[in-house]
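Below, each chain spelled out in residue letters.
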Amino acid sequence: MADDEEDQGFDDDLDESGNGADVGHGKRKRLFSKELRCMMYGFGDDQNPYTESVDILEDLVIEFITEMTHKAMSIGRQGRVQVEDIVFLIRKDPRKFARVKDLLTMNEELKRARKAFDEANYGS
């Protein structure tokens, strides 16, 4: 009898804290599972990592994106997310800042290359 009470209390604790297996998530579509599996493998995990590990990592990624988006919406122009807002938010994290600068630079180079290619093919 005492064991039944303890087991039920443990299940209740999981449900209240949101750490149960399917609590709160239901059958939510996973957006980044394939990419995260590839990234985990690239960083030394097994080629087929545990689904639970991928799900936890995806939850963290979505939480990070959501928090950054909310913060970015609260600064600058209200209700809009602009590149400058994201750069402003990560300016104190040198690794993230350097990566964003690299990606923005590469994006500009690709735009110029596409424009030059289009002008060469479809121009005069």
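Residues numbered from 1 in each chain as written. Predicted model: local features only at pLDDT ≥ 70, side-chain atom pairs only at ≥ 80, totals over all residues. Heavy atoms only, no water.

Colleague: So what exactly am I meant to see when it comes to the pattern of salt bridges here?
Modeller: For side chains of opposite charge, pairing can occur when their charged atoms come near one another. Considering all chains together, one arrives at five salt bridges under this definition. Salt-bridge contacts for Arg30 lead to Asp55; the nearest nitrogen and oxygen are separated by 3.4 Å. Separated by 25 residues along the polypeptide, Arg30 in the loop between helix H1 (2–17) and helix H2 (33–42) and Asp55 in helix H3 (residues 51–74) bring together distant segments of the chain. Here Asp55 falls in the partly exposed class, since its relative accessible area comes to 22%. The partner of Lys96 in a salt bridge is Asp93, with the nearest N and O atoms 3.5 Å apart. By relative accessible area, which is 38% here, Lys96 ends up partly exposed. (Salt bridge = Lys/Arg side-chain N within 4 Å of Asp/Glu carboxyl O. Helix = DSSP H or I, 4+ residues; strand = E, 2+ residues; numbered from the N terminus. Buried < 20%, exposed > 50% of the residue type's maximum accessible area, 1.4 Å probe, protein only.)

Colleague: How do you make sense of the packing of aromatic side chains when you look at a structure like this?
Modeller: Think of a pair of aromatic rings as described by two things: how far the centres are apart, and how the planes are tilted against each other in angle. On inspection of all chains with the given rule, the structure shows zero aromatic pairs. Arg91 extends its terminal NZ or CZ atom over the ring of Phe88, reaching a point 3.9 Å from the ring centre. (Phe/Tyr/Trp six-rings, centres within 6.5 Å; stacked < 30°, edge-to-face > 60°. Lys NZ or Arg CZ within 6 Å of the ring centre and 35° of its normal.)

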